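Structure at a glance
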Amino acid sequence: MNNFLQATFKLILYLQQRNIAHNFYMTRGSAHNQIFNFDSLRIYIWARSSSFGAKKCEAFNPALCELAGHFPIKSESIFECLSEESICQELKAISQTLFNEIRADVISLYQTETFA
């Protein structure tokens, strides 16, 4: 577990030192083929474009929950307009460009070390 957390912190530190906005999501899960055994810890980290200012409360505003696959929709009219394609486009819009920019750096962070 210690190595896993060190590897996680390494990425978070990289993002913080470069003032890159990111979201962190941690949850329990079951290991592969282990139904009802929630001994696994899963951590998801997304680098994303920065977002400033007030958001429209009824709009679809991708953030932590949405990046983790949970989509709280605040109005029926917004829900009726959403599609899988439009959601994917929104999520790509806030993360894809930055992902492409930092991908090589992040890979190089872990190439010289092994985490068991």
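Higher on the page you've got the structure.
Let me begin by describing the structure that accompanies this report. All residue numbers here refer to positions counted from 1 along the written sequence of the relevant chain. pLDDT decides what is reported in this predicted model: residues at 70 or higher carry local features, side-chain atom pairs at 80 or more are listed and counted, and totals for whole chains, interfaces and linings draw on all residues regardless. Side-chain measures were taken over the full set of non-hydrogen atoms in the model, leaving aside hydrogen atoms and water.

**Regarding the overall build of the protein**
Helical segments are the DSSP runs of H or I of at least four residues, strand segments are the runs of E of at least two, and each set is numbered from the N terminus. Looking only at helices and strands, the protein features four helices and two strands. The N-to-C order of helical and strand elements in the protein reads α-β-β-α-α-α. Of the roughly 8600 Å² of accessible surface on the protein, 55% is carried by carbon and sulfur atoms. Working definition of accessibility: Shrake-Rupley area with a 1.4 Å probe, residue cover restricted to the visible protein chains.

**Quick word on helix H1 (residues 2-17)**
Along its 16 residues, H1 runs 22 Å from first to last C-alpha, staying within 8% of the 22 Å computed at 1.5 Å per residue. All of the buried residues along H1 are Ala7, Thr8, Lys10, Leu11, Ile12, Tyr14 and Leu15. Just beyond H1, the residue with positive phi is Asn19, at close to 50°. Between the first and last residue of a helix there are one fewer steps than residues, each counted as 1.5 Å, and that sum is the expected span. The buried label goes to any residue with under 20% of its type's maximum accessible area, the exposed label to any with over 50%, and the partly exposed label to all in between, with areas taken from a 1.4 Å probe on protein chains only.

**So, the nonpolar core**
Residue types Ala, Val, Leu, Ile, Met, Phe, Trp, Tyr and Cys, when buried and joined through side-chain atoms within 4.5 Å, form a set referred to as a nonpolar core. Of all hydrophobic cores here, the largest spans nine residues; its members are Leu11, Tyr14, Leu15, Ile20, Ala47, Leu98, Ile102, Val106 and Leu109. At the level of secondary structure, the elements contributing two or more residues to this core comprise H1 and helix H4 (84-111). For this core, the element with the highest residue contribution is H4, accounting for four residues. Ignoring anything within four residues of it in the chain, the contact list for Leu11 reads Ile45, Val106 and Tyr110. In this description, contact between two residues means that some pair of their heavy atoms is separated by no more than 4.5 Å.

**What about the environment of Met26?**
Topologically, Met26 is positioned in strand E1 (residues 22-29). The sequence separation of Met26 and Ile45 amounts to 19 residues, and the corresponding C-alpha distance is 8.8 Å. Discounting residues that sit within four places of it in the chain, Met26 has contacts with Leu41, Arg42 and Ile43.

**Topic: unusual backbone geometry**
The phi angle at Asn19 is positive, at roughly 50°, despite the residue not being glycine. Structurally, the position occupied by Asn19 is in the loop between H1 and E1. Overall, the relative accessible area of 70% leaves Asn19 in the exposed class.

**Examining the layout of surface pockets**
With a 1 Å grid laid over protein atoms only, a set of points is called a cavity when a 1.4 Å probe fits there but cannot get out and a pocket when it is open yet has protein on both sides within 12 Å along at least five of seven lines; lining residues have an atom within 4 Å of a point. Grid points are joined across faces, edges and corners, and a volume is the space filled by probe spheres set on the points. Roughly 200 Å³ of volume is contained in the largest pocket. Surrounding the largest pocket, Leu11, Leu15, Ile45, Trp46, Ala47, Ser95, Phe99, Ile102, Arg103, Val106 and Ile107 form its lining. Residue assignment for the lining of the largest pocket shows that the elements contributing at least two residues are H1, strand E2 (40-47) and H4. For the lining of the largest pocket, the leading source of residues is H4, giving six residues.

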